[in-house]
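# Structural overview
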Amino acid sequence: MFRRILASLSFLLVATGLFAQSLPTRWEITLPNLTPQPRTCDLAVVDDLDGDGFAEILVGVKNQNHDTTYVDGFALLVSGADGSVIHTLSPPVAALSFGLCVVALDDLDGDGFRDLGVLSHRFPISSFYYGVHVDFFSCATGALLGGVDSVLTSPPAAPTLETVTDLDGDGIRELAICATAPSFGGSPAIEFVNPVTQSVVTSMNYPTGAAGQATVVRLDDRDGDGIEELLVGLGGLTPGFPGGALTLHSGANLAPITTWTVPSSGQQYAQHARLAGDVDRDGVPDVVVPDNFFSKIYVQNAATGAIVSQRNFPGGVQYFFHQATGSLGDADGDGYDDWFAIDNTAHIRVFSGRAGTEQFNWEDRVNLGNIVRAVRAYGDWNGDGMDEFLVGFGAKVSMMSMVGRRPYGGPQPLDLTWRHFGLVGSLTGDLEVSGGTPFGNGVIAASTGAANMTASGFTLLIDATPAKLVTVAGFGFNASGKAAFGLNLSQPAIAGTSVYVQALETSPLIAASNGLELLFADEGMRITGITPRGVLGGETVTVQGFGFTPTVTLTVAGTVIPAASVSPTAVTFIAPAGLTYDASVQVQNSTGEARSIVFNPAPTATLFVTQGPAAGGNSVVVSGGPFLPGTTATVGGVPVTFLTSTSLAFVFQAPPGPVGPATINVNVPSATIPGGVNIPLTYTYL
């Protein structure tokens, strides 16, 4: 049947303009200016601070030159919904390369949010090594919580930070600083720091004079004692140095459990090791480990070291940048965790956990100076079943997506994949077929419908009826049994549908590939957030999202009100007077599609620290909110002045008071409660 259908059609090449999809960039921000140019150095996904359903992102930024010339840098806490800036973090004293590394810590101040760590260099040790310092900040307020001077040093681009296990039993996980020890001749070293006491718990040092890099990966419990384990990678640069190994350590006492390497590994094996997710779905996490000496990348079982897959990687990864490899989650929506590597030309190359094939190859060809420095998995940002990921390149940070293809139909004799060469602003790439007979012949077909049937000896996974076939192309396999087809995906030709593609070998053998769903349908409308969270009436409220039509119907607390402005990504309105708490806001497109979000929650308040000296003078932090303009606080009836305040938290200096309990009364103005909402908190003078 399928042969007859093909015979009735002209063989057409899959050409430009047949398909369309949303851009791979969900949002993108340009960093504030630094001289000569800001450069994204690190990314960390933290907690959902504003309750909009999107985890926020910590961005480390320094200038593009090395430390000896420019003393600057900063970190930004930005919204996961749209990249808008929540806090800007700066070093408390002059520092070199502040923002070079960032990390999400445990909750250090007891406010319910994981707090933030930012690495800098405080002083030069030599012409190439610098003293390492880490500052700790509140995620809720951006306030400085403290910092630690490490005894370690590092070259300008080499240190790494990782939150690991709780080594001292105080309930807070330690921070691992991976750098070098000057007392050991510049050899790799790891310090484990308690971020609450800001003291070193223990350390690991390696043989004197051995240049190289160490890295730490936090695993789940592998030895049954209920404590997370650590995987330590050590890769050397010095000839004769016994580097190039991964060691699994007990999270209880750091005792080595087992050590492994790989066949023919080089000195630079294990300079980096990052979680790749559970690539083979055996219930055990896997790690991706590059070996730049032999230009290979391995995916290995994190408990046994067994090789799950390996790839040749000519030129190696960017080993001086600690986010050169890692997990992307399930980026292509096929149920398997995928992983990435940044190559030595600063391309992001994404590999399928299911097939091990390269799925995506990205660079910013619009601005070639924007070299990729950091990539982080984010999670499924828009609910389409594909995990998004963050990319830091040059002076930009983007939330990107692998939307574009989803394998289906299970493994078949041929493997059909989509390799992406996208720009910011368009999508171009290849469909690639592998597993065919060298120099054999085949066809590739695209349809608006999927199927699952056997026809003429083929497993047919697309609907091949003439009314649904979009195009059919004949091709020949090369000497390796592969064939590739160039695509440039631009404006929609088939609105509101996905396109299904399958490749078939017709001679000398009969074989079929998996199906590939090209997700070029309109994503529809989505609400991603609303600001401000609380209102009194008269404020301009912005509903963020995408897919809004030029005309919308806006309903707030059950009443239809006019929109002040409408764009594809934002709808604004003026908050009505007397708005009740937890009001529903619904936006309905002209197509009839509607989405809702709840805002204006009743205010809450929580104390970070519940006690202090009777002499007063200490800082008291209250979190919760939304704290509207006009919010006040008293301690034992004495009004206090806020040192800093946001809608989520405020800080004041405690006045003196008698020993014993005192009431902190927080008053938040309200549109519906005369006199506002009073929230009593108990504070104890010691």
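These numbers were taken from a predicted model, which means no experiment stands behind them. (Residues numbered from 1 in each chain as written. Predicted model: local features only at pLDDT ≥ 70, side-chain atom pairs only at ≥ 80, totals over all residues. Heavy atoms only, no water.)

## What about the overall build of the chain?
Let me state the cut-off plainly: Secondary structure counts use DSSP, requiring at least four H or I residues in a row for a helix and at least two E residues in a row for a strand, with both numbered from the N terminus. The buried label goes to any residue with under 20% of its type's maximum accessible area, the exposed label to any with over 50%, and the partly exposed label to all in between, with areas taken from a 1.4 Å probe on protein chains only. Contact between two residues is taken to exist if any of their heavy atoms lie within 4.5 Å; hydrogens are not considered. Every accessible area reported is derived by Shrake-Rupley at a probe size of 1.4 Å, with residue values counting cover from the shown protein chains alone.
Helix and strand counts for the chain come out as one helix and 56 strands. By the burial criterion, 56% of the 686 residues in the chain qualify as buried. Within the chain, contacts between residues at least 6 apart in sequence are counted, and of these 57% link residues at least 24 apart. Split by element, the accessible area of the chain, about 25,200 Å² in all, is 55% carbon and sulfur.

## Topic: unusual backbone geometry
Residue serine 507 is joined to proline 508 through a cis peptide bond whose omega torsion reads 5°. Mapping proline 508 onto the fold places it in the loop between strand 37 (499-507) and strand 38 (511-512). For the peptide bond that leads from glycine 625 to proline 626, omega is 0°, which places it in the cis range. Among the secondary structure elements, proline 626 is positioned in the loop between strand 50 (619-625) and strand 51 (632-635).

## So, the side chain of threonine 247
Among the structural elements, threonine 247 can be located in strand 16 (residues 245-249). Leave out the neighbours within four places in its chain, and threonine 247 touches Leu230, Leu231, Val232, Pro256, Thr258 and Thr259.

## Thoughts on the nonpolar core
We apply this condition: Among buried residues, those of type Ala, Val, Leu, Ile, Met, Phe, Trp, Tyr and Cys that are joined through side-chain atoms within 4.5 Å constitute a nonpolar core.
Counting residues in hydrophobic clusters, the biggest one holds 21 residues, and the most contacted among them are Val622, Phe652, Ile664, Val666 and Leu681. Elements supplying a minimum of two residues to this core: strand 48 (604-607), strand 50, strand 51, strand 54 (649-653), strand 55 (660-668) and strand 56 (677-685). For this core, the element with the most residues is strand 56, which contributes five residues.

## Points about the pairing of strand 56
What counts is decided by this rule: Strands pair, by our definition, only if DSSP identifies at least two bridges between them.
Of the two faces of strand 56, the one holding Val677, Ile679, Leu681, Tyr683 and Tyr685 is buried and the one holding Asn678, Pro680, Thr682 and Thr684 is not buried anywhere. One ladder, built from two bridges, connects strand 49 (residues 611-612) with strand 56; its direction is parallel. Across the sheet, the residue bridging to glutamine 611 is threonine 684, located in strand 56. The pairing of strand 55 with strand 56 spans nine bridges and is antiparallel. The partner of glycine 660 across the bridge, within strand 56, is tyrosine 685.

## Thoughts on the sheet that holds strand 21 (residues 307-312)
Pairing between the strands of a sheet comes from backbone hydrogen bonds, and it takes one of two forms, parallel or antiparallel. Cut-off, in case you're wondering: Geometry is summarised by axes, namely lines fitted to C-alpha atoms with helices restricted to the contacting stretch, and by angles between N-to-C directions that run from 0 to 180 degrees.
Spatially, four strands are ordered 18-19-20-21 in an open sheet, and the strand pairing comes out antiparallel. At either margin of the open sheet sits one strand with a lone partner, and together these are strand 18 (274-277) and strand 21. Strand after strand, the sheet turns through a mean of 30° between neighbouring axes, direction not considered. Inspection of the sheet shows strand 19 (residues 286-291) paired to strand 20 (residues 296-301) by six bridges, in the antiparallel sense. Its bridge partner lying in strand 20, valine 287 is registered against glutamine 300.

## What about the environment of tryptophan 27?
The topology assignment puts tryptophan 27 in strand 1 (residues 25-30). Once the C-alpha coordinates of tryptophan 27 and glycine 83 are considered, the two residues, 56 residues apart in sequence, prove to be 6.9 Å apart. If we ignore the near neighbours within four places in the chain, the residues touching tryptophan 27 are Ile57, Ser79, Gly80, Ala81, Asp82, Gly83, Trp381, Leu390, Val397, Ser398 and Met399.

## Quick notes on the sheet that holds strand 51
One open sheet accounts for five strands, arranged 49-56-55-51-52; its pairing is mixed. One side of each edge strand has no neighbouring strand; the edge strands of this open sheet are strand 49 and strand 52 (638-639).

## Observations regarding the confidence of the model for the chain
Detail in the predicted coordinates should be disregarded across regions flagged by low pLDDT. Here is the rule: Every residue gets a pLDDT, meaning the predictor's confidence in that residue, from 0 to 100.
Chain-level pLDDT for the chain is 80 on average; 79% of the residues reach the 70-or-more range. Confidence drops under pLDDT 50 across residues 1-24; counting only partners more than four residues distant or on other chains, this segment forms 72 contacts. Every residue in residues 66-70 scores below 50 in pLDDT, and together they form twelve contacts with partners more than four places removed in sequence or on other chains.

## Here we look at the packing of aromatic side chains
Stated precisely, the cut-off is as follows: Aromatic rings from Phe, Tyr and Trp, taking only the six-membered ring of Trp, are treated as a pair when their centres fall within 6.5 Å; an angle between ring planes under 30 degrees marks them as stacked, one over 60 as edge-to-face, and anything in between as tilted. For a ring to carry a charge above it, either NZ of a lysine or CZ of an arginine must fall within 6 Å of the ring centroid while also lying within 35 degrees of the normal to the ring plane.
One pass over the full model with this rule turns up ten aromatic pairs. Between tryptophan 339 and phenylalanine 351 the ring centres are 4.5 Å apart and the planes differ by 20°, which places this aromatic pair in the stacked class. Here phenylalanine 351 lies in strand 24 (residues 348-351) and tryptophan 339 lies in strand 23 (residues 338-342), a separation of twelve residues in the sequence. Given a relative accessible area of 2%, tryptophan 339 falls into the buried group. Judged by centre distance (4.2 Å) and plane angle (20°), the ring pair of phenylalanine 642 and phenylalanine 650 falls under stacked. With a relative accessible area of 22%, phenylalanine 642 lands in the partly exposed category. Among the aromatic residues, those joined into a ring-pair cluster are Phe627, Phe642, Phe650 and Phe652. One cation-aromatic arrangement involves arginine 281 over tyrosine 336; the distance from NZ or CZ to the ring centre is 3.8 Å.

## Brief notes about the pattern of salt bridges
Side chains carrying opposite charge are able to pair once their charged atoms draw close together. Keep this limit in mind: Basic side-chain nitrogens of Lys or Arg form a salt bridge, by our definition, when they fall within 4 Å of a carboxyl oxygen of Asp or Glu.
Per the stated rule, a full pass over the model turns up eight salt bridges. Its salt-bridge partner being arginine 173, residue aspartate 106 comes within 3.0 Å of it at the nearest N-O pair. Here aspartate 106, found in the loop between strand 6 (96-104) and strand 7 (116-124), pairs with arginine 173, found in the loop between strand 10 (160-163) and strand 11 (175-181); they are 67 residues apart in sequence, far enough to count as distant. For aspartate 463, the salt bridge identified is with lysine 468, shortest N-O distance 3.5 Å. Among the charged side chains, a network of salt bridges with common partners joins Asp106, Arg173, Arg218 and Glu228.

## Quick word on the environment of valine 541
Along the chain, the position of valine 541 falls in strand 41 (residues 540-546). Overall, the relative accessible area of 0% leaves valine 541 in the buried class. Sequence-wise, valine 541 and alanine 563 are 22 residues apart; in three dimensions their C-alpha atoms are separated by 9.9 Å. Apart from residues lying up to four places away in sequence, valine 541 is in contact with Ile530, Thr531, Pro532, Val535, Val571, Thr572, Phe573, Ala575 and Phe599.

## Details of the state of the cysteines
Keep this limit in mind: Our working definition of a disulfide is a cysteine sulfur pair at a distance within 2.5 Å.
Across all of its chains, the model carries zero disulfides by this definition. Cysteine cysteine 101 is unpaired, with the sulfur of cysteine 41 as its nearest cysteine sulfur at 8.1 Å. Residue class for cysteine 101 comes out buried when judged on its relative accessible area of 0%.

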